[in-house]
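Understanding the architecture of this molecule
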Amino acid sequence: MAQDSRGDPLKQLLSEIALIERQLQSSIVQRDIFVAQVKDLGTHIDRLQESLEDKKREFRIQYDREDSKFKLLPGINESVLCQNIPVVQLNPILSASFCNTIIGPSGDTQPLSPKASPPSPIDLQTHGDKICVCNTSTYPWIPESNARQGDPIADRYALKVYSNGVIFALADGCNWGRLPCEAASRASESFVEFLSLQLHRMLDSFAVAPLLLSALTNAHQSIITGYNLWESGTTTLLGGVLLQQKEGGWICMLASIGDCKVFHWDRSTCAITDVTKGNRADSIDASDPGGRLGQYVGKDGQPDLRNLIVSYQACNDGDLLFLVSDGVHDNIDPQQLGIAPNELGIPAPTWDEAKKMHGPMVAQVKNDFRASWLSSRLNSADRNIGLDNITPSGPVPPPEELTPFKVVSTLVRHCLDLTRHSREFMENNPTMKQPVDYKKYPGKMDHTSAMCIRVGTMPHILNRSISESSLPSPPLGIYHSISRHNLIKPRGDGRS
């Protein structure tokens with residue numbers, strides 16, 4: 001009995017321990033349930049916050065649409081154009097971080113009459129080593145004149161540079177003369193100016209996309225202001241904004257109408273992507289840009305919106321974005337280079353027949369060729385060679401360092417060289433029509449513009465502006481050094 005009495009406390013203790021274990025297990029289960037409930041509640045709160053943000057965006061956009069300056073052109077379907085844009089949170093650009101304004105070309109922005117002042121063969125502007133813009137004409141010079149065919153240059157550009165963002169636009173006036181030139185100037189400058197007044201709204205990509213469309217609308221209105229129906233010029237326009245993401249990295253958002261192009265160079269892989277791929281698919285012929293701003297269609301003079309697109313490109317520090325007019329990218333088209341379609345695997349003797357029989361295939365082959373050509377020229381070890389028209393003074397950067405200056409100078413030098421035979425033929429035979437022989441006379445003469453932006457924080461410095469119109473003429477073939485850059489008079493008659 002004594003032994004049994006000694007065992008009773010032990011049994012009681014074991015029973016109490018078992019009870020505590022059960023209670024503890026029950027508490028653990030209750031804790032897990034509570035944690036799950038808290039997690040569900042957090043998820044629900046996140047969803048409510050996202051819904052609230054969506055409602056705020058919708059309200060903001062609806063509020064904007066009631067303001068006349070945010071009205072969209074008839075025919076612009078915002079929901080369709082912006083449906084593939086991901087929602088990315090952005091660091092807003094602060095107006096106090098403004099660094100610079102670049103507008104050009106700077107060399108012939110005085111009287112637009114080509115005989116009023118000697119036109120500038122090459123217009124070059126830079127913002128440190130972060131931005132470079134070059135503009136010229138590859139058209140022939142008119143005999144006994146200081147003007148070229150096609151003057152004034154109808155390619156126009158504008159940029160506003162901030163420490164953590166860039167607003168930019170490149171416009172190509174359609175046709176020759178004062179009106180296309182004026183249309184391109186008004187469109188590019190008003191596009192950039194409009195967005196510079198909306199910095200406080202650029203909190204995420206969802207908000208930026210409709211602002212781009214509103215900027216296009218304002219650009220169109222600026223073109224036709226002061227003109228009666230059908231009196232104003234027309235222009236293509238490629239514009240956008242480079243913005244910093246909250247979680248790191250950058251995003252470039254674009255609106256494009258017409259046939260200017262933008263390419264992205266990935267610093268980590270050296271891969272080159274045509275961000276505006278396919279924007280010429282709806283073109284009727286080589287002279288049709290596929291769309292334009294200004295009075296062009298309908299009874300009331302609406303813009304041609306056929307190839308209007310809104311797009312984006314994710315970027316990282318050190319990447320390059322380069323915009324070009326068709327005066328550049330047409331000259332890296334295999335057809336303009338005198339390459340037959342059957343040399344690129346298209347079963348057709350001519351490009352006209354190839355387009356009729358293999359339209360989609362032709363577009364893909366040309367896109368692939370452009371990307372391959374750009375990669376071979378810009379990523380090659382010898383890309384510092386052959387840039388005798390525009391070369392930086394001082395040490396030449398190592399081959400592995402691709403800079404905005406190198407991109408721009410390589411592309412412009414190529415266009416000038418490729419079209420030289422055609423230009424010289426027209427200068428020597430001004431009353432004759434240029435032969436249609438891309439083997440002997442390759443390339444397309446045109447107004448030619450290239451703009452390159454290095455992704456990253458921008459320095460607070462002034463741009464460099466260089467224009468040969470203000471320079472004394474050096475002896476033929478002799479370099480004329482100015483600031484950080486050298487400009488050479490072209491071979492032959494001293495004109496490009």
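Described in the following lines is the structure provided in the data block. None of the values given here were measured: they were computed from a predicted structure.

Here we come to unusual backbone geometry. In this structure, Pro105 follows Gly104 across a cis peptide bond, with omega equal to 10°. Along the polypeptide, Pro105 turns up in the loop between strand E2 (98–104) and strand E3 (122–127). In the Ramachandran plot, Asn175 falls in the positive-phi region, its phi being about 85° despite a non-glycine side chain. By secondary structure assignment, the location of Asn175 is in the loop between strand E6 (165–173) and helix H3 (178–196). One non-glycine residue, Cys270, lies in the positive phi region at around 65°. Its location among the elements puts Cys270 in the loop between strand E9 (261–265) and strand E10 (272–274). The class of Cys270 is partly exposed, set by a relative accessible area of 32%.

As a packed pair, H3 and helix H4 (residues 205–224) sit with axes 8 Å apart at the nearest point and diverge in direction by 140°. Taken as axis vectors, H3 and H4 run oblique relative to one another. Of the two possible hands of crossing, H3 and H4 adopt the one that is right-handed. Residues Ala183, Arg186, Ala187, Ser190, Phe191, Phe194 and Leu195 of H3 touch H4, and the partners they reach there are Leu211, Leu212, Ser214, Ala215, Leu216, Asn218, Ala219, Ser222 and Ile223. For the contact of H3 with H4, the class distribution of residues is 11 nonpolar, 4 polar and 1 charged.

It is worth spelling out the packing of aromatic side chains at this point. A full pass over the atoms with the stated rule returns 4 aromatic pairs. Residues Phe98 and Tyr162 carry aromatic rings whose centres are separated by 5.8 Å and whose planes lie at 70° to one another, so their mutual orientation is edge-to-face. In this pair, Phe98 sits in strand E2 while Tyr162 sits in strand E5 (residues 155–162), placing the two residues 64 residues apart along the sequence. Judged by relative accessible area, which is 4%, Tyr162 ranks as buried. Geometrically, the ring pair formed by Tyr139 and Trp176 is edge-to-face, given 5.0 Å between the ring centres and 80° between the ring planes. Of this pair, Tyr139 sits in the loop between strand E4 (131–137) and E5 while Trp176 sits in the loop between E6 and H3; the two residues are 37 residues apart in sequence, bridging distant segments of the chain. Residue classification places Tyr139 among the buried residues on the basis of a relative accessible area of 11%. Note that Arg292 overlies the ring of Tyr296, its terminal NZ or CZ placed 3.9 Å from the centroid. Of note, Lys366 hangs over the ring of Trp351, and the distance from its end group to the ring centre comes to 4.8 Å.

Bringing the packing of helix H7 (residues 359–378) against helix H8 (residues 404–418) into the picture now. Direction vectors running N to C along H7 and H8 enclose 115°, while the axes themselves pass 11 Å from each other. Once H7 is placed against H8, the crossing between them reads as right-handed. Each of Trp373, Leu374, Arg377 and Leu378 in H7 lies in contact with H8, whose residues at this interface are Val407, Thr410, Leu411 and His414.

Phe98 sits in the partly exposed class, given a relative accessible area of 35%. Spatially, the C-alpha atoms of Phe98 and Lys160 are 7.7 Å apart, while their sequence positions differ by 62 residues. With near-sequence residues (within four places) excluded, Phe98 lies in contact with Lys160, Val161, Tyr162 and His460.

About the criteria used
- Going along each chain's sequence as written, the residues are numbered from 1 onward.
- With pLDDT at 70 or above as the cut-off, local features in this predicted model cover only qualifying residues; side-chain atom pairs require 80 or more to be listed or tallied, and sums for whole chains, interfaces and linings still use all residues.
- The side-chain figures draw on all heavy atoms in the structure; neither hydrogens nor water molecules are used.
- The numbering of helices and of strands both runs from the N terminus, where a helix is a DSSP run of H or I of at least 4 residues and a strand a run of E of at least 2.
- Using a 1.4 Å probe on the protein chains alone, a residue whose accessible area is under 20% of its type maximum counts as buried, one over 50% counts as exposed, and one in between counts as partly exposed.
- A fitted line through C-alpha atoms represents every axis, and for helices the fit uses only the stretch in contact; the resulting angles, taken between N-to-C directions, go from 0 to 180 degrees.
- For this classification, under 35 degrees means roughly parallel, over 145 means roughly antiparallel, 65 to 115 means roughly perpendicular, and everything else is oblique.
- Put simply, a crossing is left-handed when the front helix is turned counterclockwise from the back one by less than a right angle, and right-handed when it is turned clockwise.
- By the convention used here, residues are in contact when the closest approach between their heavy atoms is within 4.5 Å.
- Classification used: nonpolar for Ala, Val, Leu, Ile, Met, Phe, Trp, Tyr, Cys and Pro, charged for Asp, Glu, Lys and Arg, polar for all others including Gly.
- Two aromatic rings from Phe, Tyr or Trp, using only the six-membered ring of Trp, form a pair when their centres are within 6.5 Å; if the ring planes differ by under 30 degrees the pair is stacked, by over 60 it is edge-to-face, and anything between is tilted.
- Counting as a charge over the ring demands two things of the Lys NZ or Arg CZ atom: a distance within 6 Å of the ring centre and an angle within 35 degrees of the ring normal.

That's the geometry; what it means functionally is another story.
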